[in-house]
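Summary of the model geometry
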Protein chains: 2
Amino acid sequence: MQSFTEENYLKIIYHLSVNNDQAVQTNAIAEKMQTKAASVTDMIKKLADKQLVDYKKYQGVHLTQTGRQAAINIVRKHRLWEVFLVEKLNFKWDEVHDIAEELEHINSAELVERLDEFLSFPKNDPHGDPIPDKHGKFDAVPFTKLSKLKTGEKGLIMGVSEHSSAFLKHLEKLGLTLGKTLTLTTITDFDGSVEIIVEDKKISVTREVAKHILIRI
Amino acid sequence: MQSFTEENYLKIIYHLSVNNDQAVQTNAIAEKMQTKAASVTDMIKKLADKQLVDYKKYQGVHLTQTGRQAAINIVRKHRLWEVFLVEKLNFKWDEVHDIAEELEHINSAELVERLDEFLSFPKNDPHGDPIPDKHGKFDAVPFTKLSKLKTGEKGLIMGVSEHSSAFLKHLEKLGLTLGKTLTLTTITDFDGSVEIIVEDKKISVTREVAKHILIRI
DNA sequence: TTATTTTTTTAGATTTGTCTAAATATATAG
DNA sequence: CTATATATTTAGACAAATCTAAAAAAATAA
C-alpha cells in the first residue's frame, strides 16, 4: 500500500504521461505537486525502489505496469466519487474536484466496487472523463478541441481538459455543458476566438477557453 | 484544521470521557491509539498548545469546548458514513467500522450536510449509536446492559458497546440484532451467563457478551 | 565547440509523529 | 511512613516528506 503522498505522485505522473509516451520530467512533476524539484527527486527514488516507476538519473520517469495500475485505480476512485457527489448529493460539476481529491485515497476495494454498482457502473464522470473499470480498462473516445474545429463544423461537447472551478463555472454560465451540440460559425484571425451557436444562441469564446473544450464531431 | 492523527487522538479522548467526567489518562489513550505513553505525552502537549485539551502534568487531559466540538464532528461523520455504507451500499453492520475510520477524516462541511440529507437525517448509526446533528447535539437515550437485567425482565436491543467485527458477527449469528425484543429467563450464578428468549427461541449468552448488549426496558 | 542557461541531483536541515531508555512523580502496600 | 510498584514525562533518536543552497549534468546558443 502507498502513502497519500505517493499516491498523489503516481496520479500526477500518470496524467502527465497518458497522452504521451515520453519520460515525465522532474520539473513537470514539481509544478503539478506544487513542490520543489529536489523533493520530487527524493520521492522518485522511493517510487523507483518500490518498482512503481522506472528511473534513470536526469532522464525523468516512466510508470511501471504496477505503478500504472495503482495510478489508474486512484483515477477510477476519483471519478466514481465525483459521479456520486453530483448524481446523489446534488453537487455541481465545479464543486466536486477537491472533495474527490480526498475521497480517492480511501482504501477499500470492496467499497469501490459497491459504489460503482450503486452508481450503475457509470462510463464517464461529470466532466466527461472516462471511468476505468475494475480491471483498469476504459475506452479512450477520440475527440477534437473546439479550438481545432473549422468554420461550419458541428460537434457535441463531450468533455473538458481543465477542471478548475472558475473554468467550469464560466462554461456553465455560457450554457456550454456536457452533451450540448454546437456549430462553429466564425474564427477570428486576430485573437483566435471563435463564435459558436448553441441552442440557437450565438456565443463568443476565447481561444484559451476553446482549447479546453473537447468535441466529438 | 487538525491532522489525521490529531483527529484520532481527539476522538479517542472523547470516547474515553463521554460517560465519565474524569480526566483521561495517558496510558488509556496509549492503549486505544496502539502507541506508547511517551508518544501520547508528546501529542497531548501539541493539543494543549492548540487549546483543544486542558492538560496538567501527571493529571491527564480534559477536552476543551473547542476540542469536544471537533471530536463530536468526527463522530458525526463516522456514524453518517456507516449509515451510508449499510443503507446505500448494502454492507453488513460488522463490515463498516474500518472504512468509516477513513471516511471520517474527509474535510468538507458541505459534504457532511448533504450526506446527512441524502440519508434523511438518521438519528442512529447501524450499531445504535446516536448521530450528533450539525450543531453537535444528540439525545443520549438511557440504556441498561443486558448483564444488569433481572430475571423475567423484558427489553429491546438498542445498541452495543463493542464494535469489533468478531463480536458483531457473533450477535448476528445469534439473531441478536438492533430492535429485537428479548426476555431474560435465567441468570447462571456460576459464570454470570444469561438465558434469554428472542423470537421464541431460547439463547444462552456469556456474561462478557451480555455486558456489551445495550437494552431499553 | 566553448559558454551559458536550464534542469536535475546532492547534501544537510526541518517538521511531524513515533520510539527507547532513563528519570521523575504519584499511588499503593506493608 | 518508608518501600515498592505504577504512571508519566523527558531526552535523544529515527523515518517520512519536505526545504534551501550548492554542485553536477544536460540542453542551448554563440
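Residues numbered from 1 in each chain as written. Chains lettered and ligands numbered in written order. Predicted model: local features only at pLDDT ≥ 70, side-chain atom pairs only at ≥ 80, totals over all residues. Heavy atoms only, no water.

Before going further, it helps to examine the side chain of Asp 94 of chain B. Residue and element names in this part refer to chain B. Here Asp 94 is to be found in the loop between helix 4 (65–88) and helix 5 (97–103). No salt bridge is formed by the buried Asp 94, whose closest oppositely charged neighbour, Lys 169, lies at an N-O distance of 4.0 Å. When sequence neighbours within four positions are dropped, the list of residues in contact with Asp 94 reads Ser 165, Leu 168, Lys 169 and Glu 172. (Helix = DSSP H or I, 4+ residues; strand = E, 2+ residues; numbered from the N terminus. Buried < 20%, exposed > 50% of the residue type's maximum accessible area, 1.4 Å probe, protein only. Lys, Arg positive; Asp, Glu negative; His and termini not counted. Salt bridge = Lys/Arg side-chain N within 4 Å of Asp/Glu carboxyl O. Contact = heavy atoms within 4.5 Å.)

Residue and element names in this part refer to chain B. Structurally, Lys 201 can be placed in strand 7 (residues 201–205). Under the relative-accessibility criterion, Lys 201 is labelled exposed at 53%. Separated by 27 residues in the primary sequence, Lys 201 and Leu 174 have C-alpha atoms spaced 9.9 Å apart.

Accessible area lost upon the coming together of the parts serves often as the stated size of an interface. One can read the domain layout of chain A as domain 1 (4–63) and domain 2 (144–216). Here the C-alpha centroids of domain 1 of chain A and domain 2 of chain A sit 32 Å apart. (Domains from an automatic or database assignment.)

Turning our attention to the pattern of salt bridges. One pass over the full model with this rule turns up 20 salt bridges over all chains. Linking Glu 6 of chain A and Lys 46 of chain A is a salt bridge whose minimum nitrogen-to-oxygen distance equals 3.3 Å. Taken together, the residues span a long stretch of sequence, with Glu 6 of chain A in helix 1 (residues 4–17) and Lys 46 of chain A in helix 3 (residues 37–49) at a distance of 40 residues. Residue Glu 6 of chain A is classed as buried on the basis of its relative accessible area, which comes to 1%. One salt bridge connects Glu 110 of chain B with Arg 114 of chain B, and the closest N-O pair in it is separated by 2.8 Å. In this pair, Glu 110 of chain B and Arg 114 of chain B both sit in helix 6 (residues 109–118), four residues apart, roughly one turn of the helix.

Let us now look at the interface of chain A and chain B. Between chain A and chain B, the contact holds 20 residues from the first and 20 residues from the second. Of the roughly 1,700 Å² buried between chain A and chain B on both sides combined, carbon and sulfur atoms contribute 74%. Counting across the interface, chain A meets chain B through zero salt bridges. Across the chain A-chain B interface, the total number found is six residue pairs in polar contact (both at pLDDT 80 or more). At the level of elements, helix 4 (65–88), helix 5 (97–103) and helix 6 (109–118) of chain A are the ones that each hand at least two residues to the side of chain A that touches chain B. Among the elements that take part in the side of chain A that touches chain B, helix 6 of chain A stands out by supplying five residues, more than any other. Residue composition of the side of chain A that touches chain B, grouped by class: 11 nonpolar, four polar and five charged. (Buried area = accessible area lost by both parts, 1.4 Å probe. Polar contact = N/O pair within 3.5 Å; in protein donor to acceptor, adjacent residues only side chain to side chain. Nonpolar A, V, L, I, M, F, W, Y, C, P; charged D, E, K, R; others polar.)

Surveying the vicinity of DNA strand D reveals 20 residues, the closest of which are Thr 35, Ser 39 and Lys 46 of chain A together with Lys 45 and Tyr 55 of chain B. Taken together, the sugar and phosphate atoms account for 78% of what DNA strand D places within 4 Å of the protein. The side chain of Thr 41 of chain B places a nitrogen or oxygen atom 2.9 Å from a phosphate oxygen of DNA strand D. Between DNA strand D and the protein, one listed contact pairs a phosphate oxygen with a backbone N or O atom of Tyr 58 of chain B at 2.9 Å. Elements with a contribution of two residues or more to the surface near DNA strand D: helix 1 and helix 3 of chain A together with helix 2 (26–33) and helix 3 (37–49) of chain B. Broken down by class, the residue content of the surface near DNA strand D amounts to seven nonpolar, eight polar and five charged. (Near = heavy atom within 4 Å.)

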